[in-house]
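# Structural overview for review
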Amino acid sequence: AGQEQNSILRYVAKYWKNGVAVNLTNGTYHAGAGPIAVLGTDVYIAGWESNGLHDRAKYWKNGTAVNLSDGTQDAYTDAIFVVQ
């Protein structure tokens, strides 16, 4: 997982599965992805996305974003761990 610059010079959070890129964000704001955890068929990816002022810590479960911070200050994730 990581990020890739788009045509308007913003970083899009994404991961690659079997060499195929899967976008987690739409490129409106800078974003990045990092650690991945898998439990059964669920894929969890830790990362962050800017709200235009600050970077918000978040994770994605099967591509759906979950905010971990409120976006009033910069916040990031460094790891993700899933327990069954």
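Notes on the structure follow.

### Topic: the pattern of salt bridges
- Enumeration over the complete set of coordinates arrives at two salt bridges.
- One salt bridge connects Glu-4 with Lys-14, and the closest N-O pair in it is separated by 2.7 Å. With Glu-4 in strand 1 (residues 2-5) and Lys-14 in strand 2 (residues 11-17), this residue pair connects regions lying 10 residues apart in the sequence.
- Among the residues examined, Glu-4 registers a relative accessible area of 38% and is labelled partly exposed.
- Classification of Lys-14 as buried rests on a relative accessible area of 8%.
- Between Glu-49 and Lys-58 there is a salt bridge; the shortest N-O distance is 2.8 Å.

### With respect to the environment of Ala-1
- Here Ala-1 lies in the segment before strand 1.
- The exposure class assigned to Ala-1 is partly exposed, which follows from its relative accessible area of 46%.
- Setting aside chain neighbours within four positions, we find Ala-1 in contact with Lys-14, Tyr-15, Trp-16, Ala-33, Gly-34, Ile-36 and Ile-45.

### Quick notes on the nonpolar core
- Of all hydrophobic cores here, the largest spans seven residues; its members are Ala-13, Tyr-15, Leu-24, Ala-31, Ala-33, Ile-45 and Trp-60.
- Contacts of Ala-31, omitting those with residues within four sequence positions, involve Gln-3, Tyr-11, Val-12, Ala-13, Thr-25, Trp-48 and Glu-49.

### Focus: the pairing of strand 6 (residues 55-61)
- The pairing of strand 5 (residues 42-50) with strand 6 spans seven bridges and is classified as antiparallel. The residue of strand 6 that forms the bridge with Ile-45 is Trp-60.
- Once strand 5 ends, the chain turns through four residues before running back antiparallel as strand 6, passing Gly-52 with a positive phi of about 100°.
- Judged from the four bridges that link them, strand 6 and strand 7 (residues 64-67) form a sheet pairing that is antiparallel. Opposite Lys-61, over in strand 7, you have Thr-64 as the bridge partner.
- With antiparallel pairing between neighbouring strands as the criterion, strand 6 and strand 7 make up a hairpin whose turn holds two residues, including Asn-62 at a positive phi of roughly 55°.

Quick notes on the rules
- Residues numbered from 1 in each chain as written.
- Predicted model: local features only at pLDDT ≥ 70, side-chain atom pairs only at ≥ 80, totals over all residues.
- Heavy atoms only, no water.
- Salt bridge = Lys/Arg side-chain N within 4 Å of Asp/Glu carboxyl O.
- Helix = DSSP H or I, 4+ residues; strand = E, 2+ residues; numbered from the N terminus.
- Buried < 20%, exposed > 50% of the residue type's maximum accessible area, 1.4 Å probe, protein only.
- Contact = heavy atoms within 4.5 Å.
- Core = buried A, V, L, I, M, F, W, Y, C linked by side-chain atoms within 4.5 Å.
- Pairing = 2+ DSSP bridges.

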